[in-house]
Amino acid sequence: MGEDEARGLRPDLLLFAAFFATLPLYSPNLSLFQDGFADAGPVMGVVAPTMLVAAVACGLGAAVLAARGRGGALLRPGAVVAGAVLYVGGYALLAAQLASGASPGVVAVAAGLLLAVGSVGLCVAWGAGLACLGLRRALVLMGLTVGGGSVLELLIAAVPVAVGVPVVGALAVAAGAVPCAWALRGGWPGSSAAPASAAAGTPEAGAQDAAAEPGEAEAPFAGEPGGAADDAGAFCREEGESLSRLLRRMAGVLAVPLVGLLVFGYITGVRRFMMFDVVYMEALGGLLAGLVAVPLGRARTRRPLLPFLHQVVLPAFALVLIVLNSFPEATPPLWVAAWLSYVFFGLVAILALASLCAMAHAGEFPPALVYGAAVAGYAVVSLLGQVSGTTAPFEAQNGGPALLVVSTLYFVFLLASSLAAGWRVEERAPSDAASDGAAALAERCARVAGERGLSPREGEILGYLGRGHTVAFIAKTLVISESTVRTHVKAVYRKLGVSSREELLEFIDGPAR
């Protein structure tokens, strides 16, 4: 494992597993409370919808603050600590309400509200911390932590409620303590400035570009409360740009992963499934998906990783499931398909989470906007899933046929997206990316960036331009919009005094270099 990857697996980031295992917006995490207490149905029937509706409002509120340039307020120590306290307090109220056996009332509503506010606050805080990771390291970390969180879910579900509730409480405390520590000491992961040479593509960075995508070096975290940032992580917002337009820009960058996250939220909100009445399929699927995601994060591709995963890997997986689902009922292939579908959607969720980390890492959008909008959307579809689970189509045969229709529609969407992308010419990285010539080019780009005062992100863009990559390729690799790439390209041209790609290449290859 490379040095950059090792830095991405620091112990405090690995504790994201505790947050994933307790996040109440993910309905399987509430299984202990739903199944472990007698007559829990009425209470959870109040807590869950209250929590989801409040999470939609809080997520949109965080996105609005970020769109107005005030998202940093959510990362101040007081706000982060308050979110952690509310998170743990919400679980304490929920346990107290269920243990009392009383009819749901004010306490149940308060528990739902506290869980929602705390969850959104910690999602933004954790997202800000994970913004130090590029796509590949984020995918490795999400595979490890989601898989680890799924193991915790399985263990919690297997123990008596008297043991499980304190364990959930301890995990909730750990989930809140990490971002609190970051905020209190002002040491958010990746907050130290990255060397300009790393952004511009030095030989050290360039040697890894052949095996991993450029841009994976730790970037300065631009979301620190009250802090200014250069364009390596600055919030790129046009004057007067509305929240709806910002959300459309975000969707343009990560449309396929975001759709996958929403489908995952809907399906897990509809109903929970158990295998042999022992193991929750969602947790087992998350564990196995994590085992698949880690090697994918370290896979070497000659095209941007994210399009490769969503245009090749997931469609191939979907085709396998479509074939298996075509077998008659009660046959082994159909059983395998039902089991693999949870692995598939677990992998979809992991890819979506890693994509959100990469978007925050790129700095085009602040963490409060990225995660506030994602949480709001996820809460909406989870609520719709819970409502759908009570309707006739989903009640029949435990919801299997209806969920199969939803899954198949998503499979068709994936295949259609892959086919649509196939009509366009996919640019690949040069085959000699690891050659001495590539290293020399990276060194020249780094020297030019330093001499002409290019910012880290502009130096990074220069490295791509020098290697002959297009705007579309750069945008896909860095997980930013093409319009933002063009803005950086114009700045590079202006600072170098050139007006075309040919002049830029001549400048880089000039005799003085």
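Residues numbered from 1 in each chain as written. Predicted model: local features only at pLDDT ≥ 70, side-chain atom pairs only at ≥ 80, totals over all residues. Heavy atoms only, no water.

Each helix and strand counted, the protein has 23 helices and two strands in total. Per-residue burial for the protein yields a buried fraction of 53% across its 513 residues. In the structure as shown, the protein presents an accessible area of about 20,400 Å², 66% of it carried by carbon and sulfur atoms. (Helix = DSSP H or I, 4+ residues; strand = E, 2+ residues; numbered from the N terminus. Buried < 20%, exposed > 50% of the residue type's maximum accessible area, 1.4 Å probe, protein only. Areas by Shrake-Rupley, 256 points an atom, 1.4 Å probe, with all protein chains shown as cover.)

F19, F33, Y91, L94, L130, L139 and F344 are the most contacted members of the largest nonpolar core, which has 125 residues in total. A per-element tally of this core places helix α15 (residues 332-362) first, with 18 residues. Those residues in contact with L130 that lie beyond four places of it in its chain are L13, F16, L141, M142 and C357. Among the nonpolar cores identified, the runner-up in size contains 24 residues, and C445, V448, I480 and V485 belong to it. (Core = buried A, V, L, I, M, F, W, Y, C linked by side-chain atoms within 4.5 Å. Contact = heavy atoms within 4.5 Å.)

This part is about the side chain of T22. Checked against the element boundaries, T22 lands in helix α3 (residues 16-22). Of note is the side chain of T22, whose polar atom sits 2.9 Å from the backbone oxygen of A18. Setting aside its immediate chain neighbours within four residues, T22 contacts N29, Y87, Y91, V168, L171, A172 and A175. (Polar contact = N/O pair within 3.5 Å; in protein donor to acceptor, adjacent residues only side chain to side chain.)

So, on to the packing of aromatic side chains. Under the counting rule described, the total for this entry stands at 18 aromatic pairs. A centroid spacing of 5.8 Å and a plane angle of 90° characterise the contact between Y87 and Y91, whose relative ring orientation is edge-to-face. You can see Y87 and its partner Y91 sitting in helix α6 (residues 77-100), four residues apart, about one turn around the helix. Judged by centre distance (5.1 Å) and plane angle (85°), the rings of F344 and F345 are edge-to-face. Each member of the pair, F344 together with F345, is buried. Joined through ring pairs, the aromatic side chains of F16, F19, F33, F37, Y87, Y91, W126, W182 and W188 make up one cluster. (Phe/Tyr/Trp six-rings, centres within 6.5 Å; stacked < 30°, edge-to-face > 60°.)

With a phi close to 55°, D39 is a non-glycine residue in the positive phi region. Looking at the element boundaries, D39 is found in the loop between α4 (31-36) and α5 (41-67). Here the phi dihedral of V479 falls at roughly 60°; this positive angle occurs in a residue that is not glycine. By the element assignment, V479 lies in the loop between α21 (471-478) and α22 (482-496). Classification of V479 as buried rests on a relative accessible area of 4%.

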